[in-house]
Structures are given as structure tokens and as C-alpha cells.
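Below are the chains, spelled out letter by letter.
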Amino acid sequence: MRTDQILTRLERVFARLDREPERPAHLQTPRMSRHRVVLLASTLAFYIAIVVAVLTTSWLVRLDWQIMFFRPYEQWPQLHAFLDYLVVLGQRGPTAVMVAAWLGWRSWRQHTLRPLITLGVALLLLNITVGSVKLGLGRLGPHYATQIGSAELFAGGDIFPSGHTANAVVTWGILAYLASTVVTRRVLSLVSAVVSLSVGATTVYLGTHWVSDVLLGWSAGLLVLLALPWFEPLIARSETYVFEVRERLRSRLEEGQVSEPVAAALVPLVSAGGKWQLRRTAEAPAATGASGGHAPAPRAVAHGAARPHVIRSERTPVTPVGSRRPAHTERAAARGTAARPVAGG
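Residues numbered from 1 in each chain as written. Predicted model: local features only at pLDDT ≥ 70, side-chain atom pairs only at ≥ 80, totals over all residues. Heavy atoms only, no water.

Colleague: Quick question: what am I supposed to make of the overall build of the protein here?
Modeller: Secondary structure summary: the protein contains 14 helices and 2 strands in total. Residues counted as buried form 39% of the 345 residues belonging to the protein. Taking the contacts inside the protein whose residues are at least 6 apart along the sequence as the reference set, 75% of them involve residues at least 24 apart. When the accessible surface of the protein is summed, it comes to about 19,400 Å², and 64% of that surface belongs to carbon and sulfur atoms. (Helix = DSSP H or I, 4+ residues; strand = E, 2+ residues; numbered from the N terminus. Buried < 20%, exposed > 50% of the residue type's maximum accessible area, 1.4 Å probe, protein only. Contact = heavy atoms within 4.5 Å. Areas by Shrake-Rupley, 256 points an atom, 1.4 Å probe, with all protein chains shown as cover.)

Colleague: Where do I start with the nonpolar core in this structure?
Modeller: Proteins that are soluble and globular tend to have nonpolar side chains buried together. Among the nonpolar cores identified, the biggest contains 48 residues, and Tyr 47, Val 99, Leu 103, Ile 174 and Leu 228 are the most heavily contacted of them. Of all the secondary structure elements, the ones that give two or more residues to this core are helix H2 (34–55), helix H3 (59–70), helix H6 (92–110), helix H7 (114–137), helix H8 (163–177), helix H9 (182–206), helix H10 (211–227) and helix H11 (232–254). Per-element accounting of this core gives the leading share, 10 residues, to H7. Dropping the residues within four chain positions of it, Ile 174 is found in contact with Val 99, Leu 103, Thr 118, Leu 119, Ala 122, Leu 225 and Leu 228. One finds Leu 83, Val 87, Tyr 205 and Leu 206 within the second-largest nonpolar core, a separate group that totals 5 residues. (Core = buried A, V, L, I, M, F, W, Y, C linked by side-chain atoms within 4.5 Å.)

Colleague: Just to check I follow, could you spell out H3 for this structure?
Modeller: An α-helix turns once per 3.6 residues; consequently, residues spaced three or four apart project the same way. In this model, H3 (12 residues) spans 16 Å end to end at C-alpha, consistent with the 16 Å of a helix rising 1.5 Å per residue. Among the residues making up H3, those that are buried are Leu 60, Val 61, Asp 64 and Trp 65. One side of H3 holds all its buried residues, which, seen down the axis, span an arc of 145°. Opposite its buried face, H3 presents the exposed residues Trp 59, Arg 62 and Gln 66, each directed more than 90 degrees away. Packing partners of the buried residues in H3 comprise H2 and H10. Just beyond H3, the residue with positive phi is Arg 71, at close to 50°. (Expected span 1.5 Å × (residues − 1). Arc of directions from axis to C-beta.)

Colleague: When you look at H6 in this model, what are you seeing that I'm missing?
Modeller: End to end, H6 covers 26 Å across 19 residues, agreeing with the expected 27 Å (1.5 Å per residue, within 8%). Residues of H6 that are buried include every one of Thr 95, Ala 96, Val 99, Leu 103, Arg 106, Ser 107 and Gln 110, and no others. Projection of H6 onto a plane perpendicular to its axis shows the buried side chains occupying an angular sector of 100°, all on one side. Exposed side chains of H6 directed beyond 90 degrees from the buried face belong to Val 97 and Ala 101.

Colleague: Could you clarify how one ought to interpret a nonpolar patch on the surface in this entry?
Modeller: Residues Leu 44, Ile 48 and Val 52 make up a contiguous nonpolar surface patch of about 250 Å² in total accessible area. Considering the arrangement of structural elements, one finds Ile 48 in helix H2. Classification of Ile 48 as partly exposed rests on a relative accessible area of 46%. (Patch = residues over 30% accessible without salt bridge, like charges linked within 9 Å, V, L, I, M, F, W, Y side chains within 5 Å. Salt bridge = Lys/Arg side-chain N within 4 Å of Asp/Glu carboxyl O.)

Colleague: What is the right way to look at the pattern of salt bridges in this model?
Modeller: Where side chains of opposite charge bring their charged atoms close, a pairing between them can arise. Counted under the stated rule, the structure contains 3 salt bridges. The salt bridge involving Asp 64 is made with Arg 139; its shortest N-O contact spans 3.1 Å. In this pair, Asp 64 is assigned in helix H3 and Arg 139 in the loop between H7 and H8, connecting sequence segments 75 residues apart. Side by side, Asp 64 and Arg 139 carry an identical accessibility label, which is buried. Measuring nitrogen to oxygen at the nearest pair gives 3.0 Å for the salt bridge that ties Arg 139 to Asp 213. Pair noted here: Arg 139 is in the loop between H7 and H8 and Asp 213 is in helix H10, with a separation of 74 residues, a long-range link. Exposure remark for Arg 139: the relative accessible area of 1% places this residue in the buried category. A cluster of three or more residues bridged by salt bridges with shared partners is formed by Asp 64, Arg 139 and Asp 213.

Colleague: What am I meant to see in unusual backbone geometry here?
Modeller: Here the residue pair Phe 160 and Pro 161 is connected by a cis peptide bond, since its omega of 5° sits within 30 degrees of zero. Turning to its location among the elements, Pro 161 is positioned in the loop between H7 and H8. Positive phi is not limited to glycine here, since Thr 57 has a value of about 50°. Tracing the chain through its elements places Thr 57 in the loop between H2 and H3. The class for Thr 57 is partly exposed, based on a relative accessible area of 36%. The residue Glu 152 is not glycine, and still its phi comes out positive at about 60°. With a relative accessible area of 4%, Glu 152 lands in the buried category.

Colleague: Explain the side chain of Asp 64 here, please?
Modeller: Among the residues examined, Asp 64 registers a relative accessible area of 2% and is labelled buried. Non-local contacts of Asp 64, meaning those with residues more than four positions away in its chain, are made with Arg 139, Trp 210, Val 211 and Ser 212.

This is how it looks when you write it as C-alpha cells:
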């Protein structure tokens, strides 16, 4: 694909994001309700109980060793090939790409960066919380255990909690968190629960994790999802900041403060909703003849329609002339709400 085609597609994407966000009126951003706080506290208590049980080499560690000696992969070898593929649903790289692709389409569809930013915040929280505990406790996995009956802690390992399990909870659970309808949210919550439970059980079957690793991984991922409403103000500020940076780049292009190669790359990213072009300016012929010298070197100037540049949060929605999106007044009347016009182009 040629560079100009890529830039043209980028311009279309940013032009769509430049419109006012479209969110279903009946679905609000998840908030930290009393019910969610109770779930968060209960999950945190369970998380601490698992850590204490492993640190004290309790019955949970004995259960770990019993299942390890049972060797499920030898008891049911016919499942091995299938479960080798299923466990990929918990690997961070493939799952992040798949979920980011879907949420990227959602961002383009709803004219907002919130889905992608929410995914980024959730993965960042997951890496910090799970990674720090992994490195701090340093537990070895079943295949590398050295002393029967030991918790295998502080030995340089990195499997407690299970990253596969926690990642499956967060990456698939974020789809339910960002669902556009209540019914879809419930269905996706069930699907993400089944996927994360399956991934965790698969790691135990393959012998790559102890049972206690999986239990802590489930609770670690659930803690991230339950705490996300506390980060909604940060997500909103991040989206506003992205568009403020875009407005500053647009102003610099107008003032000619950017070199021609950089301007050629930036124009499609900041020119959403308007027709922009680069042109070279030179001194007037009369001035050149009077001075008897050569015209100065041309410079790139980005020209657009003269209009005040306001940030995304300050814009008022207006219906453009010739908009290809209908107002859907009948659909809005059926919902009991007024039709919302689309801003931008």
C-alpha cells in the first residue's frame, strides 16, 4: 500500500473521531457503586488469603503438590493438542491484538477514543500489579520445583500469580465492561468468565502452574476490572489531552512552524473535517525585480478554512451541510429521546 493511500485512510479515521461521541443514552459509564465496592473488598480479601496460605505452606500448597503428582496431562493425553491452542487465549500478545482491533473499530464507530484508552489503562494496571507480585515472591513452577512440599517461594521464579489467567480475565472482561447494551454486557461477562476459567484450568492441566497460581490470577484480574471505574476520570482526561495535542499541532501547521517533510506527515492527522493542502509561497515578482536578487527558498505552509480552534470538550454539535448520516428521528422517538445530530464531517 502506498504512503498516500495510508495517509488518506488515516485522514478518514481521524475525521470520524473528530465528530461528537455517540453513546447509547440508556447505558452510562460504569461507576463505583456500593455493589461493586463490596465485590472489590471481597475479592481483595480472597487475594490476601491465597497469598497468606502459600506463604505459610498451608493445605493449599499440599493440594498444589497432589495435583502436580497426579499429572493431568498424562491422565487425559487426548486433550493435550486442543488445550495447547486454548491456552493461547490467555497470552497477552495475541489477545491484546485481537481485543485492540475490536475496540479500535468501536472507537471509530462511536467517535471516541475511550475504548482503546480503557484497554490501555487496564493492561497497564495488570502489568504493574501482577508483575510486581511475580517478581517479589519469585515462585518456581511445577516443572522446576526442587523440594517436595515446599511453596518454592523466593527462588527466582515468576509464575505466582498466573499471568495467563489474569490476562484472560482482563482482556476478555474489558469487552463486557465496555459493552454497548445491558444484555450484551451480561452475555460477554458470562463468556469472559468461561474463557478465563478454561485458560486457568488448562495451565494446571499442562503442569505450567500450581492451583494456587490460578486462584490468585483470577482474583488479580478481577481486581483490575472492578477498580476501573476509579480511573474513568483519568481516561476522560487522557482523551481530551490527545485532542488538545492535535489542536496544537494544527495551529503550528497554520503558522508554518513545521518543516515541509514533517508537515506532510502531520497534515492527515490534524486535518480531520477540513480540506488541507501544502503549497509553496514565494516573494512577489515585483519585489524580486526591485531587489535584483533571487527569491528566497520556498517553505511549506498548511492552509485550511479559517475558524477558531477549540478543544473537543468545548465544541457544540452542529449538523453539517450534506451530511451522509440521517438524523434517525423515528428511532430516537421510539426510545423517547430527541435525535442527536452529528458534528463535524
